[in-house]
Amino acid sequence: CGDVNECAGGDTPCDTNATCANAPGGFSCTCNAGWEGDGGTCTDINECTAGGNNCHPDSICTNNDGSFSCECKAGYAGDGVQCVDVDECAVGSHNCSADATCTNAPGSFSCTCNAGYSGDGKTCQDIDECVVGNDCHPDALCTNSVGSFTCECRPGFVGDGKTCTDINE
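Residues numbered from 1 in each chain as written. Predicted model: local features only at pLDDT ≥ 70, side-chain atom pairs only at ≥ 80, totals over all residues. Heavy atoms only, no water.

Caption draft 1: Spatial organisation of the nonpolar core. Among the nonpolar cores identified, the biggest contains 8 residues, and these are C7, C14, A18, C20, C29, C31, W35 and C42. Elements that contribute at least two residues to this core include exactly β1 (18-23) and β2 (26-31). Aside from chain neighbours lying at most four places away, what touches C29 is P13, C14, T19, D38, G39 and G40. Residues C96, C102, C111 and Y117 belong to the second largest nonpolar core, which totals 7 residues. (Core = buried A, V, L, I, M, F, W, Y, C linked by side-chain atoms within 4.5 Å. Buried < 20%, exposed > 50% of the residue type's maximum accessible area, 1.4 Å probe, protein only. Helix = DSSP H or I, 4+ residues; strand = E, 2+ residues; numbered from the N terminus. Contact = heavy atoms within 4.5 Å.)

Right, dumping it as structure tokens:
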């Protein structure tokens with residue numbers, strides 16, 4: 001009598017995601033890496049939920065049949081196993097207004113309108129300090145400028161515009 005190789009040919013008794021090993025008088029089936037079961041039936045292991053992955057904490061794990069892949073989250077760069085923060089402010093990939101300050105944060109950034117401007121940082125409008133409020137003296141003229149203002153004492157007064165004194169004519 002000769003041993004029958006149950007693993008030979010295309011009709012293996014094992015799951016398509018298993019390896020068949022012939023033995024004298026029998027055989028065994030073992031699920032391939034990334035799969036689990038008795039070899040006759042193998043199911044995919046979700047490495048993303050089972051903790052069997054090496055993805056960086058700032059990446060997204062995607063389960064695939066018998067495997068997984070890692071991709072860095074938005075605001076990070078790398079291969080998914082290694083991810084580093086992208087400084088959007090330094091590389092110029094932010095959408096802040098030209099009249100705003102960009103501040104980097106892990107995985108993102110924020111925009112804040114500069115002094116003399118109001119808005120959400122992505123859109124900033126000049127504040128008319130002469131209308132909204134300023135520290136000009138009551139006997140001074142306020143002149144608005146882009147992002148700022150100036151104070152100048154009215155005729156008949158002398159000073160820096162913040163302080164004005166009557167000239168005794």
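Caption draft 2: Structural detail: the state of the cysteines. By the definition in use, this model includes 12 disulfides. Covalently, C31 is tied to C42 through a disulfide, its sulfur atoms 2.2 Å apart. In this structure, the disulfide formed by C31 and C42 twists by about -95 degrees around the S-S bond and is classed as left-handed. With C31 in strand β2 and C42 in strand β4 (residues 42-44), this residue pair connects regions lying 11 residues apart in the sequence. Sulfur-sulfur distance for the disulfide between C130 and C142 comes to 2.0 Å. Disulfide C130-C142: the torsion about the S-S bond is -80 degrees, which places it as left-handed. Remark: C142 occurs in strand β13 (residues 140-145) and C130 occurs in helix α3 (residues 129-132); sequence separation between them is 12 residues. (Disulfide = S-S within 2.5 Å.)

Caption draft 3: Structural context of the environment of E169. Residue placement: E169 occurs in the segment after β16 (164-166). For E169, a relative accessible area of 75% translates into the label exposed. Distance from E169 to G156, taken between C-alpha atoms, is 7.9 Å for residues 13 residues apart in sequence.

Caption draft 4: Broad picture of the pairing of strand β10 (residues 108-113). Pairing geometry for strand β9 (residues 100-105) and β10, over 6 bridges, is antiparallel. Bridge assignment links A105 to a residue of β10, and that residue is S108. Hairpin remark: β9 followed by β10, antiparallel, with 2 residues in the connecting loop; positive phi at G107, about 80 degrees. (Pairing = 2+ DSSP bridges.)

Caption draft 5: Region of the structure containing the pattern of salt bridges. Counted according to the given criterion, the structure contains 1 salt bridge. One salt bridge connects D135 with K162, and the closest N-O pair in it is separated by 2.7 Å. Here D135 is found in the loop between α3 and β13, whereas its partner K162 is found in the loop between β15 (157-159) and β16, with 27 residues between them in sequence. On the basis of relative accessible area, D135 is assigned to the partly exposed category, the value being 46%. Given a relative accessible area of 37%, K162 falls into the partly exposed group. (Salt bridge = Lys/Arg side-chain N within 4 Å of Asp/Glu carboxyl O.)

By themselves, these are just geometric observations and shouldn't be taken as functional.
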